[in-house]
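# Inside the fold
The primary structure of each chain is shown beneath.
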Amino acid sequence: MAATVPSTSNMTNSPTAAKMTENTSTTLYMPIASPPTPAPSPGPGSPRFPSIASLSRQEFSILPPAQRRQYLCAILNDCTPDELSFVSTTIASLLKRDFLRDLPPELAIYILSFLNEPKALLRAGLVSRYWFGLVADDWLWKHLSFTHGFVGGTGTHESTSSEDPQIPSQHTVLPPAASSYRARFKTAFITLSNWRHGGTLLRRILLASQCHLPNDAMQPPIPNPSAAVPTSIALDSEWLVIGLANSRIHIFSARTGVSCRTLVGHTAGVWAVALVKGGGENVDLLDVADSLGNMQVSEQLETSSPRDMSKGLDQYLSSAMRGALGLEHFPKNHRQTAPLPTNNPSSKGADRPSDPSGTADGWGQPNSLVVSGGCDKDLRVWDVKSGFCIYVLKGHTSTIRCLKVLHNRPIAVTGSRDRTLRVWDIQRGRLLRVLEGHEQSVRSLDVCGSKVVSGSYDSTCRLWDIDTGDCIHILRGHFHQIYTVAFDGVRIVSGGMDTTVRVWDAETGTCTALLQGHTALVCQVQLSPTMLVTGGSDGRVISFSLAPPPDPARPSVFMQRLVPHDSSVTGLQFDERFLVTGGNDGRVRLFEYKKGGGGGGSAATIPGDDVPGNFEYVRELSEASESVWKIAYSHETCAVVSKRAGKTQLEIWSFKPKEEETS
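This report concerns the structure included in the present document. Once a new chain begins, its residue numbering starts again from 1 and follows that chain's sequence as written. Residues qualify for local features only when their pLDDT is at least 70, as the model is predicted, and side-chain atom pairs are given and counted only at 80 or more; totals for whole chains, interfaces and linings, by contrast, use all residues. The side-chain quantities take in all heavy atoms of the structure and omit both hydrogens and water.

## With respect to the sheet that holds strand 16 (residues 451–456)
Paired strands are those between which DSSP finds at least two bridges. Helix and strand assignments come from DSSP, with helices taken as H or I runs of at least 4 residues and strands as E runs of at least 2, each series counted from the N terminus. Strand order in the open sheet formed by 4 strands is 15-16-17-18, with antiparallel pairing between adjacent strands. Since the sheet does not close on itself, it has two edges, and those belong to strand 15 (442–448) and strand 18 (471–476), each with one partner. The average angle at which neighbouring strand axes cross in this sheet is 15°, direction not considered. Where strand 16 and strand 17 (residues 460–465) come together, 5 bridges link them in antiparallel fashion. Of the residues in strand 17, the one forming a bridge with Lys451 is Asp465. Angles here are taken between N-to-C directions and fall from 0 to 180 degrees, while the axes themselves are lines fitted to C-alpha atoms, restricted in helices to the stretch in contact.

This is the structure in structure tokens:
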């Protein structure tokens with residue numbers, strides 16, 4: 001109900017209004033609003049909360065979980081798609097939880113160790129600062145080094161993926177332990193990647209055009225420069241040595257590819273070279289002198305010549321040359337009559353097989369040495385640093401066809417077309433003994449520890465004791481000439497003109513396996529504890545497993561046949577990762593071992609793994625040439641000697657990371 005109040009101005013100007021004012025002065029009518037309808041009283045079980053739509057953050061925080069979810073659902077139902085996307089992004093970041101931070105650091109690092117790929121580990125380090133600190137832990141990279149077969153530094157390098165080394169490794173060498181495992185892993189990983197798809201050509205050199213260094217200037221010129229056919233090669237981490245049929249020996253830096261020296265002195269073709277590394281095992285040089293001085297020299301070598309070979313030529317050396325051989329601190333007249341011990345006890349690596357790249361560890365001498373032999377029948381010992389010939393050792397009556405130097409011992413063994421092997425003390429320059437028994441030319445030999453195996457054109461192999469000169473076994477079975485042998489201390493492998501490969505037990509002398517597959521001369525063999533790889537004139541490369549079969553009741557020999565070349569295989573070398581082959585077709589091919597690979601074909605078993613695997617083709621390491629003469633590689637260097645445009649050419653490849661890649 002509303003009361004109408006007349007206008008005051010109108011009422012004041014008339015007599016009637018004045019009268020009414022007097023009569024109604026005590027009554028005033030005002031509009032009255034209706035009272036609001038009261039809300040229903042809450043029931044006895046309902047909490048007294050304000051409406052959900054009008055809640056504030058403070059009020060929301062005290063809601064029970066059920067009503068909090070009801071409130072959130074109401075808000076989300078009113079959101080647009082863009083707003084929902086914003087909410088989703090915001091919520092996702094809020095839901096992230098660093099589970100590694102909640103764990104002890106040791107356990108967190110152990111969890112990260114299951115990332116076996118370096119890229120995955122590096123990505124993990126980008127998650128947060130805390131994860132970056134975990135990834136930087138050196139133990140992770142040490143573990144990753146073992147996982148990838150990169151061992152080194154404080155632990156020795158030459159190993160496969162386990163800490164127990166199986167076969168010599170060259171591609172997985174870690175740098176010295178001056179840096180962290182992470183830095184060393186990076187260097188080794190990039191080196192491995194460069195082998196697969198990279199590498200730097202350091203030098204391409206025509207060997208026939210090599211000039212002599214000043215100290216060679218007075219030597220006679222090469223009789224036939226066009227006859228620069230390489231016959232032998234040796235390579236380590238510092239030096240590359242190549243022997244030529246024109247009587248020259250070239251020395252190059254393995255790190256830069258620069259030609260360092262030409263060794264001139266042989267009067268006929270050089271057929272065999274060996275490189276002895278400087279330093280070597282940290283042995284007591286006086287013990288070496290005692291052991292060599294105690295070796296009994298064969299009676300037939302006792303002569304009355306002015307330079308008695310049984311007494312050595314070291315007495316005629318200058319102090320500089322004596323120092324290069326590690327003789328400077330040895331007494332000159334140190335001689336005894338007791339027999340030489342089988343192995344020098346201080347030389348832990350003396351029982352290792354020979355290196356397939358033609359090198360041997362030194363006995364503690366400061367300088368690297370080159371030992372060479374050839375058609376002039378002389379064995380020469382050279383100082384790499386100065387280029388001077390230290391010894392000219394005479395004794396053979398025909399061409400020296402092969403030679404090896406023992407690890408950590410100054411002993412060289414040579415095989416000749418005069419049907420004999422001769423054992424030399426290359427530190428003192430004396431002939432120790434002559435090993436006689438073969439009826440034809442000695443074509444190949446290999447050494448391990450204090451024993452040597454020789455293969456001859458008389459179709460037999462012989463196992464000799466170097467320290468006593470005794471012939472331990474005569475291995476008969478081949479029907480034609482033997483061209484190549486390999487020896488690892490346990491097994492002897494031989495191959496030749498009859499196209500077969502035979503495996504012999506070094507202890508009993510019995511033939512344990514006759515391996516077939518080649519259709520022509522077997523000219524290349526290399527042996528590891530569980531694998532044998534052979535190359536033939538038919539262009540085939542065949543790998544055989546020598547590991548014990550998983551089921552002894554069902555013995556079998558796994559093998560893989562490769563045909564990498566159209567003609568004879570002229571070079572072959574392998575380790576636990578790669579196989580490099582060179583052929584007379586001018587190709588140099590790289591294969592990589594893949595565990596469990598095979599594509600259904602026959603397979604080979606790699607050391608430490610019972611699952612068959614195969615060598616898979618990776619790429620060609622060099623451009624095609626007319627012919628490949630020799631190949632050799634170390635873990636970061638590869639040398640290829642080939643014929644191009646009728647001339648002998650040397651290529652030196654480096655797979656070492658560049659400075660900017662490791663910084």
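## Re the pattern of salt bridges
Working definition: two side chains of opposite charge can pair if their charged atoms are close together. A side-chain nitrogen of Lys or Arg and a carboxyl oxygen of Asp or Glu constitute a salt bridge if their distance falls within 4 Å. Considering all chains together, one arrives at 16 salt bridges under this definition. Between Arg587 and Glu620 there is a salt bridge whose closest N-O contact spans 3.2 Å. On the criterion of sequence distance, the pair formed by Arg587 in the loop between strand 28 (578–583) and strand 29 (588–595) and Glu620 in strand 30 (residues 613–620) is long-range, its members being 33 residues apart. A 1.4 Å probe rolled over the protein chains alone gives each residue an accessible area, and that area as a share of the maximum for its type sets the label: buried under 20%, exposed over 50%, partly exposed in between. Overall, Arg587 belongs to the partly exposed group, its relative accessible area being 30%. Residue class for Glu620 comes out partly exposed when judged on its relative accessible area of 24%. The network of salt bridges with common partners includes Arg196, Glu592 and Lys594.

## Description of the nonpolar core
The biggest cluster of nonpolar side chains holds 30 residues, and the ones touching the most others in it are Leu112, Trp141, Trp195, Val580, Leu621 and Cys638. At 5 residues, helix 10 (residues 181–197) tops the list of elements feeding residues into this core. In what follows, residue pairs with any heavy atoms lying within 4.5 Å of each other are defined as contacts. Residues in contact with Cys638, not counting those within four places in the same chain, are Trp195, Leu621, Ala632, Tyr633, Glu651, Ile652, Trp653 and Phe655. The term nonpolar core refers to a set of buried residues drawn from Ala, Val, Leu, Ile, Met, Phe, Trp, Tyr and Cys, joined through side-chain atoms within 4.5 Å. Judged by nonpolar contacts, the second largest core, of 25 residues, contains Val276, Trp424, Ile426 and Leu431.

## Here we look at the side chain of Asp538
Among the structural elements, Asp538 can be located in the loop between strand 24 (531–536) and strand 25 (541–545). Two residue types count as positive, namely Lys and Arg, and two as negative, namely Asp and Glu; His and chain ends fall outside the count. Of the side chains bearing the opposite charge, Arg540 lies closest to the buried Asp538, which forms no salt bridge; the N-O distance is 4.2 Å. Here a polar contact is taken to be a pair of N or O atoms separated by no more than 3.5 Å, where protein atoms must pair a possible hydrogen donor with a possible acceptor and residues adjacent in sequence count only if both atoms sit in side chains. For Asp538, the side chain forms a polar contact with the main-chain nitrogen of Thr519, separated by 2.8 Å.

## With respect to helix 6 (residues 105–112)
Among the residues of helix 6, those classed as buried are Ala108, Ile109 and Leu112. Axial view of helix 6: buried residues confined to an arc of 95°, hence all on one face. Here the buried face of helix 6 lies against helix 7 (118–124), helix 8 (129–135) and helix 9 (138–147). To be clear, the arc concerns the directions from the helix axis to the C-beta atoms.

## Description of a nonpolar patch on the surface
Exposure above 30% relative accessible area and the absence of a salt bridge qualify a residue for a patch, where like charges join within 9 Å and nonpolar side chains (Val, Leu, Ile, Met, Phe, Trp, Tyr) within 5 Å. Computed with a 1.4 Å probe, the accessible areas rest on the Shrake-Rupley method; for each residue, only the protein chains presented here act as cover. Taken together, the side chains of Phe99, Leu107, Tyr110, Ile111, Phe114 and Trp139 define a hydrophobic patch exposed on the protein surface, amounting to about 620 Å² of accessible area. Sorting elements by how many residues they give to the nonpolar patch places helix 6 first, with 3 residues. With respect to the helices and strands, the residue Ile111 is situated in helix 6. Its relative accessible area of 33% is what places Ile111 among the partly exposed residues.

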